[in-house]
Amino acid sequence: MSKKTGDTGHAIDLAGFDLENPRLPQDIDDAAFHSGGYPYDRRMPRKTYETELQLLQIELLKLQRWVRAQGERIVILFEGRDAAGKGGTIKRFMEHLNPRHARAVALSKPTETERGQWYFQRYIAHLPTAGDMVLFDRSWYNRAGVELVMGFCTPGQTKKFLEEAPDFELALVRDGVRLFKFWLTVGRAMQVKRFHARRHDPLKSWKLSPIDLASMDKWDVYTQAREAMFEATHTKTAPWTVIRSNDKRRARLNAMRHILASIDYDEKDENIVAKPDPKILGSKGDIFKDA
């Protein structure tokens, strides 16, 4: 691996980094939290986080009751680099919701039959019916990210996808689907730190895939792919919302706040929902840094 320079200006030396070594290099450990221009010096205290999480999860239950009563359909996409915290954020969203009417979707690689279909077809099968919520742990945007970067599709296929995605999402919204698109952004050193933790924690090792490992040397390529994706698919109808996720606790709470603040559901407690932290969550233009 080569030497990378973080957004803070500090060089992160990955030349001799060995993922198999159980000791994480001190320079990576020191740089991790602030990588990607993270605006806070410390992680949110656990007690504060747990108190706010419980209150927001109660609000999510109010939202779910309203969705059921009104026959609404909610789709939330969670995208971002590997180890950005997508799965953990979805887990906290889902923790106390009624699983009969809220589900997480994390699709594996397409089957031979699916590869012969229209690209969006296998995702359409998982869209919600009236009264339901669906949270995608990665989505149709695989075609603009991992599939392109890792050579699982051609540039021409990605170009076609980027042309079709806005129309596909416009059709969903016009049909009444409430569509939210999150991009969780993680700093370079924090990603390395999380990969290292996954490699050496037996309870997390399943999260570290060969594709994750291969992606470590493709940071800049992923950045270019993400920029092209934002340029083509950040629309008024279906905008991207960016969340800084070096601190998973702040990321989770602000993702919940964004959803809750965006919908006028019954019995909403405005004091609990409040507004998302603008240092953590915003539009791609407001908050996005090269992370």
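Residues numbered from 1 in each chain as written. Predicted model: local features only at pLDDT ≥ 70, side-chain atom pairs only at ≥ 80, totals over all residues. Heavy atoms only, no water.

> Sorry, what's going on with the sheet that holds strand β3 (residues 73-80) here?
The strands making up a sheet associate through hydrogen bonds between their backbones, and the pairing can be parallel or antiparallel. If you trace the six strands from one edge of the open sheet to the other, you get β4-β5-β3-β6-β7-β8, paired in mixed fashion. Each edge of the open sheet carries a strand with a single partner, namely β4 (102-105) and β8 (281-283). Here the strands of the sheet are splayed against their neighbours by 25° on average, with no regard to which way each runs. The pairing of β3 with strand β6 (residues 177-185) spans eight bridges and is classified as parallel. Paired with G80 across the strands is L184, a residue of β6. Its contacts with the sheet place helix α2 (residues 46-70) against β3, β4, β5 (132-137) and β6, and it is angled at close to 120° to β5. (Pairing = 2+ DSSP bridges. Helix = DSSP H or I, 4+ residues; strand = E, 2+ residues; numbered from the N terminus. Axes fitted to C-alpha atoms, helices over the stretch in contact; angles between N-to-C directions. Contact = heavy atoms within 4.5 Å.)

> Before we go on, may I ask you to explain the environment of R199 in this structure?
Of note, R199 is situated in helix α8 (residues 188-200). Relative accessible area serves as the criterion here: at 33%, R199 is assigned to the partly exposed category. Not counting residues within four places of it along the chain, the set of residues in contact with R199 comprises L19, E20 and L208. (Buried < 20%, exposed > 50% of the residue type's maximum accessible area, 1.4 Å probe, protein only.)

> Sorry, what's going on with the packing of α2 against helix α11 (residues 248-262) here?
Helix packing geometry: the angle between the two helix axes and the distance between the axes. The contact between α2 and α11 brings their axes to 10 Å, and the two run at 25°. Between α2 and α11, the crossing angle belongs to the class labelled roughly parallel. Crossing angle aside, the handedness with which α2 passes α11 is left-handed. When α2 is examined against α11, the residues R46, Y49, E52, L53, L56, Q57, E59, L60 and L63 are found in contact with a partner set consisting of R249, R252, L253, M256, R257, I259 and L260. Of the residues contributing to the contact of α2 with α11, the split by class is nine nonpolar, one polar and six charged. (Parallel < 35°, antiparallel > 145°, perpendicular 65-115°, else oblique. Left-handed = near helix turned anticlockwise from the far one by under 90°. Nonpolar A, V, L, I, M, F, W, Y, C, P; charged D, E, K, R; others polar.)

> When you look at the nonpolar core in this model, what are you seeing that I'm missing?
Generally speaking, nonpolar side chains in soluble globular proteins are found buried as a group. In terms of nonpolar packing, the biggest core is built from 50 residues, with L63, I76, F93 and F182 touching the most fellow members. The leading source of residues in this core is α2, at seven residues. Setting aside anything within four residues of it in sequence, one finds I76 in contact with F93, V134, L135, F136, F180, F182 and I259. (Core = buried A, V, L, I, M, F, W, Y, C linked by side-chain atoms within 4.5 Å.)

> Would you mind going over the environment of I259 with me for this structure?
One can find I259 in helix α11. Separated by 151 residues in sequence, I259 and S108 have C-alpha atoms that sit 26 Å apart. Among all residues touching I259, those that are not within four sequence positions of it are L63, I76, F93, F180 and F182.

> Can you walk me through the packing of helix α3 (residues 86-94) against α11 in this structure?
Between α3 and α11, whose axes approach to 9 Å, the crossing angle comes to 55°. In terms of orientation, α3 and α11 fall into the oblique class. For α3 against α11, the interelement crossing comes out right-handed. Touching G88, T89, R92 and F93 of α3 are R252, A255, M256 and I259, all from α11.

> Looking at this structure, I do not really get the packing of aromatic side chains. What am I missing?
Given two aromatic rings, their pairing is described by the distance between the two centres and the angle made by the two planes. Going through the model one piece at a time under the given rule, you end up with 20 aromatic pairs. Relative to F182, the ring of F78 has its centre 5.4 Å away and its plane inclined at 50°; by these criteria the two rings are tilted. Note that F78 is positioned in strand β3 and F182 in strand β6, a separation of 104 residues in sequence. The two residues F78 and F182 agree in class, both being buried. Between W183 and F230, the ring centres sit 5.8 Å apart and the planes meet at 80°, which makes this aromatic pair edge-to-face. A residue pair is termed long-range when its members are at least 10 positions apart, and W183 in strand β6 and F230 in helix α10 (residues 219-233) qualify at 47 residues. When sorted by exposure, W183 lands in the same class as F230, which is buried. Members of the aromatic cluster, connected to one another through ring pairs, are W118, Y119, F120, Y123, F136, W140, Y141, F161, F168, W183, F230 and W240. (Phe/Tyr/Trp six-rings, centres within 6.5 Å; stacked < 30°, edge-to-face > 60°.)

> Could you clarify how one ought to interpret a positive patch on the surface in this entry?
On the surface, R43, K91, K204 and K207 cluster together into a positively charged patch. Secondary-structure assignment places K207 in the loop between α8 and α9 (210-215). Given a relative accessible area of 34%, K207 falls into the partly exposed group. (Patch = residues over 30% accessible without salt bridge, like charges linked within 9 Å, V, L, I, M, F, W, Y side chains within 5 Å. Areas by Shrake-Rupley, 256 points an atom, 1.4 Å probe, with all protein chains shown as cover. Salt bridge = Lys/Arg side-chain N within 4 Å of Asp/Glu carboxyl O. Lys, Arg positive; Asp, Glu negative; His and termini not counted. Charge placed at Lys NZ, Arg CZ, Asp CG, Glu CD.)

> In this structure, what is going on with α10? I would like to understand it.
The α-helix advances 3.6 residues per turn, and as a result positions three or four apart in sequence lie on the same side. The end-to-end C-alpha separation of α10 is 21 Å, in line with the 21 Å expected for 15 residues at 1.5 Å each. Buried residues of α10: W219, Y222, T223, A225, R226, M229, F230 and T233, and no others. The arc that holds every buried residue of α10, seen down its axis, measures 165°, which confines them to one face. Facing away from the buried surface of α10 by more than 90 degrees, the exposed residues are Q224 and E231. (Expected span 1.5 Å × (residues − 1). Arc of directions from axis to C-beta.)

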